[in-house]
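# Descriptive analysis of the structure
If you want the building blocks of each chain, they are given just below.
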Amino acid sequence: DAEITQSPRHKITETGRQVTLACHQTWNHNNMFWYRQDLGHGLRLIHYSYGVQDTNKGEVSDGYSVSRSNTEDLPLTLESAASSQTSVYFCASRVDRGTGELFFGEGSRLTVL
Amino acid sequence: DQQVKQNSPSLSVQEGRISILNCDYTNSMFDYFLWYKKYPAEGPTFLISISSIKDKNEDGRFTVFLNKSAKHLSLHIVPSQPGDSAVYFCAASAHNAGNMLTFGGGTRLMVKP
């Protein structure tokens with residue numbers, strides 16, 4: 001079955017370290033997204049991509065970067081982790097820019113000490 | 001400023017009764033609305049949606065109502081079951097903004113046996 005997977009599921013790191021969260025989908029979806037979930041804020045968009053070599057900033061992009069070198073993967077990098085980036089991160093994908101369903105991964109819980 | 005708001009962080013309902021989850025939005029350009037359901041340690045999953053050309057959409061025990069003049073939508077679950085206990089996110093999108101989803105803060109529903 002096609003799916004979307006995230007790794008690692010749990011990560012503890014220290015302030016100032018670089019961290020990369022992986023996202024891999026096998027649906028061949030063009031659109032991929034990264035969200036963070038924080039209490040009271042719901043899901044906030046960090047970065048998104050409409051296709052290979054395309055990346056765009058979302059609502060809370062400061063301190064994060066993404067790259068899209070192929071259809072299947074959209075890794076999220078925290079260049080210098082900060083305690084404010086402690087959160088649960090969700091990757092999602094969608095076939096295109098239509099109103100089709102957004103499929104989410106199971107999430108990556110990141111703790112920055 | 002949150003464009004999509006879920007003012008009730010939590011809701012407790014008895015099994016068999018109706019659960020009503022509410023959502024308000026401020027952006028009049030939103031033309032598609034969705035509800036997602038999230039269990040602990042899992043990613044959100046799509047539940048039901050409604051286009052702005054409709055005022056009601058029903059799928060089994062789940063019904064979404066849209067009041068465009070009030071910029072308000074609600075999700076009704078009848079009858080509520082313990083398995084419905086989860087966090088529910090309201091989301092909205094606009095066709096002229098690439099159908100990018102904006103999420104509310106979520107409502108935790110607890111259905112008591």
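Overview of the structure.

Reading guide: rules and limits
Residues numbered from 1 in each chain as written. Chains lettered and ligands numbered in written order. Predicted model: local features only at pLDDT ≥ 70, side-chain atom pairs only at ≥ 80, totals over all residues. Heavy atoms only, no water. Contact = heavy atoms within 4.5 Å. Buried area = accessible area lost by both parts, 1.4 Å probe. Salt bridge = Lys/Arg side-chain N within 4 Å of Asp/Glu carboxyl O. Polar contact = N/O pair within 3.5 Å; in protein donor to acceptor, adjacent residues only side chain to side chain. Helix = DSSP H or I, 4+ residues; strand = E, 2+ residues; numbered from the N terminus. Nonpolar A, V, L, I, M, F, W, Y, C, P; charged D, E, K, R; others polar. Buried < 20%, exposed > 50% of the residue type's maximum accessible area, 1.4 Å probe, protein only. Pairing = 2+ DSSP bridges. Axes fitted to C-alpha atoms, helices over the stretch in contact; angles between N-to-C directions. Patch = residues over 30% accessible without salt bridge, like charges linked within 9 Å, V, L, I, M, F, W, Y side chains within 5 Å. Areas by Shrake-Rupley, 256 points an atom, 1.4 Å probe, with all protein chains shown as cover. Core = buried A, V, L, I, M, F, W, Y, C linked by side-chain atoms within 4.5 Å. Disulfide = S-S within 2.5 Å.

To continue, consider the interface of chain B and chain A. Contact with chain B, which involves 17 residues of that partner, is made by 21 residues of chain A. A combined buried area of about 1,600 Å² lies between chain B and chain A, and 60% of that area is made up of carbon and sulfur atoms. In this assembly, chain B and chain A are joined by zero salt bridges. Between chain B and chain A we count four residue pairs in polar contact (both at pLDDT 80 or more) in total. A per-element tally of the side of chain B that touches chain A places strand 4 (residues 32-38) of chain B first, with three residues. Of the residues contributing to the side of chain B that touches chain A, the split by class is nine nonpolar, six polar and two charged.

All names here are of chain A. Counting buried residues in strand 4 (residues 31-38) gives seven out of eight residues, a clear majority hidden from the surface. Sheet topology places strand 4 next to strand 9 (residues 87-94); seven bridges connect them, and they run antiparallel. Along strand 9, the bridge assignment pairs Tyr 35 with Phe 90. Examined bridge by bridge, strand 4 and strand 5 (residues 42-51) share seven bridges and lie antiparallel to one another. Bridge pairing links Arg 36 to Arg 44 in strand 5. Following strand 4, the chain reverses through three residues before pairing antiparallel with strand 5; Gly 40 in that reversal takes a positive phi of roughly 85°.

Residues and elements named next belong to chain A. Within the open sheet, the four strands sit side by side as 1-3-8-7. Their pairing is antiparallel. Looking at strand neighbours, the two that pair on one side only are strand 1 (4-7) and strand 7 (64-66), the edges of this open sheet. Across the sheet, the axes of successive neighbouring strands diverge by a mean angle of 20°, strand direction being ignored. Relative to strand 8 (residues 76-78), strand 7 is paired through three bridges, and the arrangement is antiparallel. Note on strand 8: the bridge partner recorded for Ser 65 is Thr 77.

Okay, the environment of Thr71(A) next. Residue and element names in this part refer to chain A. Along the chain, the position of Thr 71 falls in the loop between strand 7 and strand 8. Note on Thr 71: relative accessible area 19%, which makes it buried. Each C-alpha atom, one on Thr 71 and one on Gly 51, is 6.6 Å from the other, the two residues being 20 residues apart in sequence. Contact partners of Thr 71, with chain neighbours within four places excluded, come to Gln 25, Asn 28, His 29, Met 32 and Val 52.

Below, the discussion takes up a nonpolar patch on the surface. Together, Ile18(B), Ile20(B) and Val78(B) make up a nonpolar patch on the protein surface, roughly 230 Å² of accessible area in all. Tracing the chain through its elements places Ile18(B) in the loop between strand 2 (10-14) and strand 3 (19-25).

A few words now on the nonpolar core. With 24 residues, the main nonpolar core has Phe33(B), Trp35(B), Leu73(B), Leu75(B) and Tyr88(B) as its most contacted residues. Listing elements by their share of this core, those giving two or more residues are strand 3, strand 4, strand 5 (45-51), strand 7 (62-67), strand 8 (72-77), strand 9 (86-93) and strand 11 (107-112) of chain B. Take this core: its biggest share by element is four residues, from strand 9 of chain B. For Phe33(B), the contacting residues outside a window of four places in its chain are Tyr25(B), Ile48(B), Ser49(B), Ile50(B), Ser52(B), Leu66(B), Leu73(B), Ala91(B) and Ala92(B). The next biggest cluster of nonpolar side chains, apart from the first, holds 20 residues, and it includes Phe90(A), Ala91(B), Leu101(B) and Phe103(B).

Right, let's talk about the state of the cysteines for a bit. With the rule as written, the count across this model stands at two disulfides over all chains. Here Cys23(A) pairs with Cys91(A) through a disulfide, and the sulfurs are 1.8 Å apart. On the S-S bond that ties Cys23(A) to Cys91(A), the torsion sits near -70°, and the link is left-handed. One end of the pair, Cys23(A), is in strand 3 (residues 19-25); the other, Cys91(A), is in strand 9, with 68 residues separating them in the sequence. Across the pair, Cys91(A) and Cys23(A) agree in class, each one buried. Between the sulfur atoms of Cys23(B) and its disulfide partner Cys90(B) the distance amounts to 2.0 Å. In this structure, the disulfide formed by Cys23(B) and Cys90(B) twists by about -75° around the S-S bond and is classed as left-handed. One end of the pair, Cys23(B), is in strand 3; the other, Cys90(B), is in strand 9, with 67 residues separating them in the sequence. Here Cys23(B) and Cys90(B) have matching classes, each one buried.

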